[in-house]
Every structure is written in structure tokens, then in C-alpha cells.
Amino acid sequence: MSSDEDHVLYKDRSDWADVKPLDIETDKDSVINIAYSETFRDCYGYLRAVLKSGELSERVFELTTTCADENPSCYTVWLLRRKLIAHLKKDLREELDFMVTQIQENQKNYQVWYHRQKMVEWLGDPAGELEFIRNMLEWDAKNYHAWQYRQWILRKFNLWDGELAVCDEMLAKDCRNNSAWNQRYFVVLNSTGFTSEVMDSEIEFTLDSVREVNYNESSWNYLRGIFKHANDKQKAHIINVLEKEFSSGRKSVFSLSILLDTYEATGQKDLALKAAEQLKEHDLLRANYWDFRARLLREE
Amino acid sequence: MAYPLKDIQIPEDANKELLIAKHTKYLYDFAENKDSFEYVMTEHLRLSGIFWSITALDLMGTLRDFNKEDIIEIVKSCQHSNGGLSAAPRLDSHILYTLSGVQILVTFDALNAINADAVVDYVCSLHQKDGSFFGDKWGEVDTRFSLCAVATLALLKRLDAIDIESTTNYILSCMNFDGGFGRRPHSETHAGQVYCCLATLSILNQLHHVNAEQLGWWLCERQLPSGGLNGRPEKLPDACYSWWVLTSLAIIGKLHWIDKDKLSAFILACQDSDGGIADRPGDEVDPYHTNFGLAGLSLLGENRLKKINPVFCLCQDVIDRLKLKPQILDP
């Protein structure tokens, strides 16, 4: 929220004297009632008035800046602001600059991200956007909005070159980042596709990752996800590596569960059943699930 | 096979009993104290806030006549000439608040307060050729909006107004390699979006497209040793995600795959001794987490609460009165 000491309330501005703010509780028990800032009460009173009158002007544009600062979650402020930007033909680059702080201060807010996306769509130019998103991901590497926006930019402007390397980097920093694994799948699917050669490198990349950090749901899920794109030789290779890992004592619920899946997918029922029974013993929170899997296998 | 996870410790002195009287008082006070910071700052989601509060009260059997007439008037004043509803008077109409408004009115059996045909027209105007839905005229697409659209039409008994096949196909295009669903095609799987997609398919009677086994596994992986559920891998547990995950499991008939007692203890521990439920033990409470915490307990079989419908997040008696039977897969 704005803590600008120079801020002049709209009720004290001569250029707003012609507007009567709406829905403001005036003076009634004002001493005890002001639980929120006067700036907030003031600007939203004028916002309601201009929403009613339909005024589109420079002063309303300035008012939306205050309202956005005071409560960026109010979606109508952003809709009105876009109307004004189009109507007043505002400089879209300036608006993108304004959105840097807005997004930094409200990273989990749907409206600010969508507003930025709309500005870039209107500009038709993604220059600087991938870097901007990378910076935001430095703050929170799992920010759903940031990844969503990145996917939109990549697809809209066809910017696939170098994106797999970005996924490599993100995963090198934190191999448990599920968002980065999801991005990896998205990038491969939309750029090269899961060809046999790509699969060779994806399998090695993923197996290296699970060998390094065994207890990692995300990498195992990725391995399970790409398994269906593997040819028979590649499937046999994956099973072979997992069995070796397993027999050397590096066990996890994840590795055993994917072995179960791969045994099942390749028709090795007895081994699958054995894995399910072991999981039932080790993963007590989900014992009912493993019991279900074991029953299915026995009934087959 | 223990492994390090992001999780919380439930404090030893955490609440273990359901505090119905306290939650009721908290929600009544919240609604009446119209000058509080929390109340004023949430104008932009007012109708949803009212929906969370009245559903929570309805679940506890303490809704009685909670400002019923006033609330119906507010909902009425939120309908716009395009048929859609806004969160509060004078704000813009949006599919999110259109559903909240309709949910409130069906709870009070007062659908005639608004122009239902105009709502149907509004929802249809947001439907796109690829089967997705815009949230409003500005064009943002999200599987949350698909659920809002389909649930609104179902509650108004007007599912015939949209093309079911394209709506279903769009949801299916958001299915990921882990069996879950995201906001748009290839968006990361997220428990809240999984619920939206499953509930949409359930209302459309299309759940046979889901890989219930793989998705069920992903969902029960969300349970952490504390008993709480998270929304994505490596995130902290949260009472509201406990609902999104739990109700998703209920829709695909796999509720028994998680440890119900531990989840129940987690939600009870998120209660504040003065009423209200928070995301995690000791945090600030709000009507949103209060509603979804109670809804979760209801699904877990808490017998002091009314039964919740997992698809519409309304009390089952409301859904029965409307004679709606959303699809639920057999265990």
C-alpha cells in the first residue's frame, strides 16, 4: 500500500472538486472506524464515482494508479485501466515499466500478470520478457503465474531456442522444482518432440537426476511421463538401471513405484506384484493404494 | 524409507475438537463488521466471500436466516445488463462471481431474484470455439472458468445451452503426463485445477476419460507426514488444498487412499481458538479457509456437520433439492 507522504487525498484536490465520491462512511464514528487507510477509503470512493459516470480521462488514469497501489486485487481497477490505455493511447512500454513493481510486490496476483500479458500482446513485441520472467523466478522458482506467462510468451512468439537450456539451469539449481520439470516436458513437446534421439538424452538426463537425488517426486514423475515415448530398447534400459539402483540399496517409494509401473507395462506380473507388496509395507500413509494395486495384479 | 519433505509440525497444544460455536460467531462477526480492514479489502471478491461464509454456516447447521434478505438484495444488485454478476455492485461482471452469486441463491432457494436466462446468455457468450471459457470479455482462459461456467449452467438446469463435446475436449487437452490437470494445456498440474477439471467432467458425465488410477496416486502423494495435503510437490500443506485434493479423490472414488484420521487432525489443528480456520496451524484465519476446512471435515465424515457435495461444494441437501446427480466414480 502507498505510504507516500506527499499523496494528496482526492477530496482535497481542486481538479476533482466536480466529483462526489460514493459509498464512503463519512465521519460516523470515524475515530474508531478507520481500520484501513484514509488513502484507500478516499481513492475507492472516487473510483466508484467514475465507474458510475463512465468518465475516461487522464485524471481517471492517475486515479487507477492509486487504486492499484492501494489494492491490486481489485480486478475492476485493471479492466478500467486497460480501457483507459486504449482510449488515451498511452505508451505501452511505460505501462510495462509500471508493471515491474506491481508484479514484484504482488507475485501471486492473477490480475497483474494478465495485465502485463495484455500489454505485450498489444505491443506485439516480447523483447525483454523472458529475462523479466527469469528474474521473477529468481524470487520464487515455482511461481505458477510466472511459468504460465512464460509458456504464453514462448508459444505466442515461437521462442523455443535455448529454452531447454533454461530448464537445465533451473533444475541444476533445484532438481525438486516440479514447475521446471513440467516446463521441460512442455518445451520438448513443442520444439523437437520426443524423437528417439531426444528420448536417449532425456532418459539419461532424468536417470542422472534420480541417481543424484533419489527422493524426488518430480523427477520420478517426469521419468514416468516420458516412459510412454520410449522404444522397447529404451524401456529395457530404464528398467535395468532402476534394478541396479535398487539392488545397490538405494531405495525410495518413488523408485519402487516406477519399477512397479514399468514391470506392469512390460508384462512382468510377478515382479510387479512383489513391488506392490513391498510398497504396502513401506508407505503406510498410502497402504490402501498399494493394496489396491496388488489386488488388481492378482486379479489379472 | 523416510525422506526429507517440506512440511510442518502440528503443535502439541493444537485444537483437537471441532469448534462449531466459535466458527459460527467468527463468521457472523466478520459479516457484520463492515468497517473492518478485512471486510473492506475484500470488496473485489464479496460474492465469493458471502458464498464461503454461508456454505460454512450451512454445513454447521447454523445458517438460520443469516441476513438472508439482505444477501439476496446484494446478489441482485450485482447482476449487469450483460447477464453476468460482479463481485460487488459497480465492479465488472466475471464468471467467478456469477457462479458465487448462483451458489448463494440456490442455497437460499431464491434463484428467481435474478434474471437466470440472462445469466445463461452471459455464460454462453464466454464459450470459445475450442471449448474453453473466458473469465470475462477480456479473454483470460483458465480451467477454473470452465468449472464456473458448467456449474452455473447445471445449477440453472441449462446445460443444454453449451456444446458438451468441445467443453470436455478442452478440459482433456489440459491433462498432463502425470495424470493431473493445469490451468491451460501443458500448464503444471495443480491440485486446485485438478478439482476444477474433475468437477467439470463430473457435471458433464465424462469422468470415464480420466486415468483415475494415475491421478489418484498423484493426489494421495499430496499427503504429508503432518497429515495435511499440499497442492503441488514440494509445497507446504494447506487446509484449502486439503479440500481440493480430498474432493478430487472423492469424485474419482479414491477417498480411502489417504490417511483420513491424520488429515482430520491437521484441519482441526488449523482452527483458531477464537473461531475460524487458517491455512496452517497458528496462521491468520479467513472465511475461505474456514469454509474449505469444514467442507474437508464433512467429506471425511465428521458427523456434527451436514454432508457436502464434492462437486458443487454446496450442502448435499441443496443438491438433492435441485435433483442434481453429478457423476462420482465407484471406489
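Procedures and definitions
- Every chain is numbered independently, its residues counted from 1 as its sequence is written.
- To read the labels, note that chains go from A and ligands from 1, taken in the order they are written.
- Residues qualify for local features only when their pLDDT is at least 70, as the model is predicted, and side-chain atom pairs are given and counted only at 80 or more; totals for whole chains, interfaces and linings, by contrast, use all residues.
- Only heavy atoms go into the side-chain values, all of them from the structure, while hydrogens and water stay out.
- UniProt positions are given in the numbering used here, feature names are shortened, and annotations may be inferred rather than shown by experiment.
- Counting from the N terminus, the helices are DSSP H or I runs at least four residues long and the strands are E runs at least two residues long.
- For a compact globule the rule gives 2.2 Å times the number of residues to the power 0.38, and the radius of gyration it is set against comes from C-alpha atoms.
- Categorising residues by exposure relies on relative accessible area from a 1.4 Å probe, with only protein chains included: less than 20% of the type maximum marks a residue as buried, more than 50% marks it as exposed, and the intermediate range marks it as partly exposed.
- Residue contacts are defined here by distance: any two heavy atoms, one from each residue, within 4.5 Å place the two residues in contact.
- Per-residue accessibility takes into account occlusion by the displayed protein chains alone, with areas from the Shrake-Rupley method and a 1.4 Å probe.
- Positive: Lys, Arg. Negative: Asp, Glu. His and the chain ends are not part of the count.
- To locate a charge, take NZ of a lysine, CZ of an arginine, CG of an aspartate or CD of a glutamate.
- Using a 1.4 Å probe, buried area is obtained as the accessible area two parts lose upon being combined, added over both of them.
- What makes a salt bridge here is a side-chain nitrogen of Lys or Arg within 4 Å of a carboxyl oxygen of Asp or Glu, nothing more.

If you look chain B up in an unreviewed UniProt entry, it shows as Geranylgeranyl transferase type-2 subunit beta from Galendromus occidentalis. Under the Function (unreviewed entry) heading, UniProt states for chain B: "Catalyzes the transfer of a geranylgeranyl moiety from geranylgeranyl diphosphate to both cysteines of proteins with the C-terminal sequence -XXCC, -XCXC and -CCXX." Of chain B, the UniProt comment under Subunit (unreviewed entry) reads exactly: "Heterodimer of an alpha and a beta subunit."

Under an unreviewed UniProt entry, the name given to chain A is Protein farnesyltransferase/geranylgeranyltransferase type-1 subunit alpha, and the organism recorded is Galendromus occidentalis. Quoted straight from UniProt, the Cofactor (unreviewed entry) entry for chain A says "Mg(2+)". Per UniProt, chain A carries the Sequence similarities (unreviewed entry) text "Belongs to the protein prenyltransferase subunit alpha family."

Before going further, it helps to spend a moment on the overall build of chain A. Scanning chain A for helices and strands turns up 16 helices and zero strands. Relative to the globule expectation of 19 Å for 300 residues, the C-alpha radius of gyration of chain A, 27 Å, shows a markedly less compact shape. Counting every position in chain A, which comprises 300 residues, the buried fraction comes to 55%. Within chain A, counting contacts between residues at least 6 apart in sequence, those at least 24 apart form 64% of the total. Working note: accessible area of chain A is about 13,800 Å², and carbon and sulfur atoms make up 49% of it. The average position of the 40 basic charges and that of the 52 acidic charges among the side chains of chain A differ by 5 Å.

With that settled, consider the side chain of Arg116(A). Residue and element names in this part refer to chain A. Considering the arrangement of structural elements, one finds Arg-116 in helix H6 (residues 110–123). For Arg-116, a relative accessible area of 4% translates into the label buried. The residues contacting Arg-116, other than those within four sequence positions of it, are Leu-96, Met-99, Val-100, Ile-103, Glu-129, Phe-132 and Tyr-149.

For the rest of this paragraph, the subject is the environment of Val40(B). Here Val40(B) lies in helix H2 (residues 37–40). For the pair Val40(B) and Asp330(B), spaced 290 residues apart in the sequence, the C-alpha separation amounts to 44 Å.

Here we come to the interface of chain A and chain B. Listed by partner, the interface residues are 63 residues for chain A and 58 residues for chain B. Overall, the association of chain A and chain B removes approximately 5,600 Å² of surface from exposure, summing both partners, and the carbon and sulfur fraction of that is 57%. Sorting the residues of chain A by area buried against chain B places Tyr75(A), Tyr144(A) and Leu285(A) first, and these three jointly supply 14% of that buried surface. Linking chain A with chain B are five salt bridges.

Here the UniProt feature "domain: Prenyltransferase alpha-alpha toroid" (unreviewed entry) sits at residues 18–314 of chain B. Along residues 18–314 of chain B one finds 49% helix and 2% strand; the C-alpha atoms at either end are 20 Å apart.

Next up on the list: unusual backbone geometry. One non-glycine residue, Arg90(B), lies in positive phi territory at about 80 degrees. Along the chain, the position of Arg90(B) falls in the loop between helix H4 (68–77) and helix H5 (95–107).

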